[in-house]
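# Remarks on the overall topology
Residue-level listing of the chains:
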Amino acid sequence: MDTRILGEAQVAEAAALLRSGALVAFPTETVYGLGADATNDAAVRGIYEAKGRPSDNPLIVHFGSLEAARAVVEVAEDSAAWRLARAFWPGPLTLVLPQRTATPISRAASAGLPTLGVRVPGNELARRLIDTAGVPIAAPSANRSGKPSPTCAAHVADDLRGRVAAILEGEVSEVGVESTIVDGTQSPLVVLRPGGVTLAQLRAVVGDDGVVPCAPSPPETDGSPDLAPRAPGMKYVHYAPEAPVYFFDGPTSDCTAFITKLRDARPAASIALLTSLDPSDVAACGADSVVRCGHYERADTIARELYACLRQFDCEGAVGAIVCYGFPTEGVGEAVLNRLQKAAQKL
Ligand code: TXA
Ligand code: MG
């Protein structure tokens, strides 16, 4: 299949392809999505195939407006979940809500679950595409399963060229990490995946008791299928470049010891340090190279650059291991740490 690269002026063509059942990748403010007409069963199943995605991992369905999203899910106007929708849509928030009984949405989109993840994206081009197509769009991140998410059209082309009909090229994704997923079927609400909207921002709307973070699964049971994780996708390997990723937290001197230990474990590997700190502050750690991702004091800059940095390691080839060190926990830093920890393995 020839993958067409379409520009902003070709939204109508992208929309027509979607309506015909084809797959079209498109920009959102979080990451690029791999879209299909959410009401077309065969098209939605095509997403799983193109991505190499396990079929038990449901997709988020994207709508052009709050009203359109509300037509397919059960949610009370005055509920905490809907207050979040009003506060953050269009924007980087996904709500998991019970599906209405009769909807045109393909069962494959929700992987058979009775709930549906819904979102109104903040990116204007994305909403124009949805409005022009006239159907909701089911879309996971437009990467091959397991890889870091794409934040520009070139990343999508690297992963999916030949597997999708078109890529609608827009701006680089300004948030850089995926949407925050909130389970609206529970009280208090539960954050299933931290993302572009921070916990503090959610709490400013529904109160401190109105929403809680998802309890992390203990390592020995993480990924166990019988535990049925609430955001099913989180049980799979994620966001990982080719080279093994390690995550270290602690004083700089201990990071030096960590890298020494890593050298013993992987004697021939060239070790790269990925950090949001000033490279001169980590020079003593003894890595072979240092890659800076954003600035420690500005978590938004780290989120925006994260996936491009992780993907860059795949282009350089020579990197044998990546140590992530020096990342803040504040604000959207929580989402960044979540992604790094999902990408990382134990030493
Ligand atoms: O920012 C984003 O959310 C991007 C853009 C394209 O919108 N999309 C995205 O999709 O990150 P994806 O498929 O890469 O991640 C969606 C996550 C998966 O972990 C999936 O398990 C979870 O959402 N999810 C979807 N529907 C769900 C549901 N009904 N219940 C629980 N989790 C759900
Ligand atoms: Mg994804």
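Presented here is a report on the structure given in the accompanying data block.

Conventions and cut-offs
- Numbering of residues starts from 1 in each chain and follows the order in which that chain's sequence is written.
- Here the convention is simple: chains get letters from A, ligands get numbers from 1, in the order in which they are written.
- Per-residue local features are limited, in this predicted model, to residues with pLDDT of at least 70; the limit for side-chain atom pairs, both in listing and counting, is 80 or more; totals at the level of whole chains, interfaces and linings are taken over all residues.
- As a convention, hydrogens and water are excluded, and side-chain values are obtained from all of the structure's heavy atoms.
- Only a single heavy atom is needed: when it lies within 4 Å of a molecule or strand, its residue is near that molecule or strand.
- We call two N or O atoms a polar contact when they sit within 3.5 Å, provided that within protein one can donate a hydrogen and the other can accept it, with sequence-adjacent residues counted only if both atoms are side-chain atoms.
- What counts as a helix is a DSSP run of H or I of at least four residues, what counts as a strand is a run of E of at least two, and both are numbered from the N terminus.
- Amino acid classes used here: Ala, Val, Leu, Ile, Met, Phe, Trp, Tyr, Cys and Pro are nonpolar; Asp, Glu, Lys and Arg are charged; the rest, including Gly, are polar.
- Nonpolar core, defined: a set of buried Ala, Val, Leu, Ile, Met, Phe, Trp, Tyr and Cys residues in which side-chain atoms within 4.5 Å join the residues together.
- In this scheme, a residue with accessible area under 20% of its type's maximum is buried, one over 50% is exposed, and one in between is partly exposed, where area comes from a 1.4 Å probe on protein chains only.
- We call two residues contacting when some pair of their heavy atoms lies within 4.5 Å.

The environment of ligand 1 is made up of 27 residues, and the closest members are T30, N57, H62, S179 and G233. In this structure, R119 approaches ligand 1 through a side-chain N or O atom, which is 3.0 Å from an oxygen atom. Elements represented by at least two residues in the shell around ligand 1 include exactly β4 (60-62) and β6 (115-119). In terms of residue count, the dominant contributor to the shell around ligand 1 is β6 (four residues). Here the shell around ligand 1 is composed, by residue class, of 13 nonpolar, nine polar and five charged.

Counting residues in hydrophobic clusters, the biggest one holds 50 residues, and the most contacted among them are W89, L93, V118 and L202. Not counting residues up to four positions away in its chain, the partners in contact with W89 are L66, A69, W82, L84, L95, V118, R119 and V120. In this structure, V175, A243, L274 and C324 belong to the second largest nonpolar core, which totals 33 residues.

Before going further, it helps to examine unusual backbone geometry. Of the consecutive residues W89 and P90, the connecting peptide bond is found in the cis state with omega at -10°. Note on placement: P90 falls in the loop between α4 (80-88) and β5 (93-98). The amide bond that connects S187 to the next residue, P188, takes the cis arrangement and shows omega of -5°. The phi dihedral of A111 falls on the positive side, at around 50°, and the residue is not glycine. A111 sits in the partly exposed class, given a relative accessible area of 27%.

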